Amino acid sequence: MREAGFSPNQLNAPHGKVKLLQSYADLARELGRLPVSGDLRLKAKSDPQFPSHNTFGGLGKKSEFIGHLLDFCRDRKEYESVVTLCERYAGCAGRREYELALQLPEKAVTLHIIRTDDPIGIEASWHQRFDTQRKNGEWFDLFSDDVAAFKRRKFM
């Protein structure tokens, strides 16, 4: 490259943990919720200073990352709203429950859990089964017989 008169590409310096947490916390404040992968991609595309979505994976799985974020934000008054979001996430059983809770005006109550090794496939199956009773997005207007059939399942 140099012989041709060009400068070689420079590798980006790695972002430190504090920079990653601050970037994520700032985006969470901006959105009013914890960002998901698509939010991170969109922000990185529109802001060249924002870290790539892949970079955040270096701080562990989502639950571990949220733990780091909570520790980071607790000591900083400007991130009080992000602390609340992290605590709400930590209080949910997992990612899916958190995502669904974002759509509700009041706190959701878990009535039944079906254990599975294929959560995406099983959810799609239930969605297909009750498609004619879909109200809006993830919500369905089920009859008591439907709920009873759901509750009979312990593992799928």
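The subject of this paragraph is the overall build of the chain. Across its full length, the chain holds seven helices and two strands. What you see in the chain, going N to C, is helices and strands ordered as α-α-α-α-α-α-β-β-α. When each of the 156 residues of the chain is scored for burial, the buried share is 24%. Partitioning the intrachain contacts of the chain with sequence separation of at least 6 by distance along the chain shows that 54% fall at a separation of at least 24.

On to the environment of His 68, then. If you trace the backbone, His 68 turns up in helix α3 (residues 62-74). Along the sequence, His 68 and Lys 17 sit 51 residues apart, while their C-alpha atoms lie 9.2 Å from each other. Residues contacting His 68, with those up to four places away along its chain left out, are Lys 17, Leu 21 and Leu 59.

Moving on: the packing of aromatic side chains. We describe a pair of aromatic rings using the distance from one ring centre to the other and the angle between the two ring planes. All told, the structure shown has seven aromatic pairs when counted by the stated rule. Aromatic side chains Tyr 24 and Phe 65 sit 4.6 Å apart centroid to centroid with 75 degrees between the ring planes, which places their arrangement in the edge-to-face category. With Tyr 24 in helix α1 (residues 17-31) and Phe 65 in helix α3, the pair connects residues that are 41 residues apart, well separated along the chain. No difference in accessibility class separates Tyr 24 from Phe 65, as the two residues are buried. An aromatic cluster is built from Tyr 24, Phe 50, Phe 56 and Phe 65, whose rings are joined through pairwise contacts.

Considered for burial, the residues of helix α6 (residues 119-129) that qualify are Ile 122, Trp 126 and His 127. The buried residues of α6 all sit within an arc of 140 degrees when viewed along its axis, so they share a single face. In α6, the exposed residues that point more than 90 degrees away from the buried face are Ile 120 and Gln 128. On its buried face, α6 sits against β1 (134-136), β2 (139-140) and α7 (144-152).

Conventions used here
- Residues numbered from 1 in each chain as written.
- Predicted model: local features only at pLDDT ≥ 70, side-chain atom pairs only at ≥ 80, totals over all residues.
- Heavy atoms only, no water.
- Helix = DSSP H or I, 4+ residues; strand = E, 2+ residues; numbered from the N terminus.
- Buried < 20%, exposed > 50% of the residue type's maximum accessible area, 1.4 Å probe, protein only.
- Contact = heavy atoms within 4.5 Å.
- Phe/Tyr/Trp six-rings, centres within 6.5 Å; stacked < 30°, edge-to-face > 60°.
- Arc of directions from axis to C-beta.

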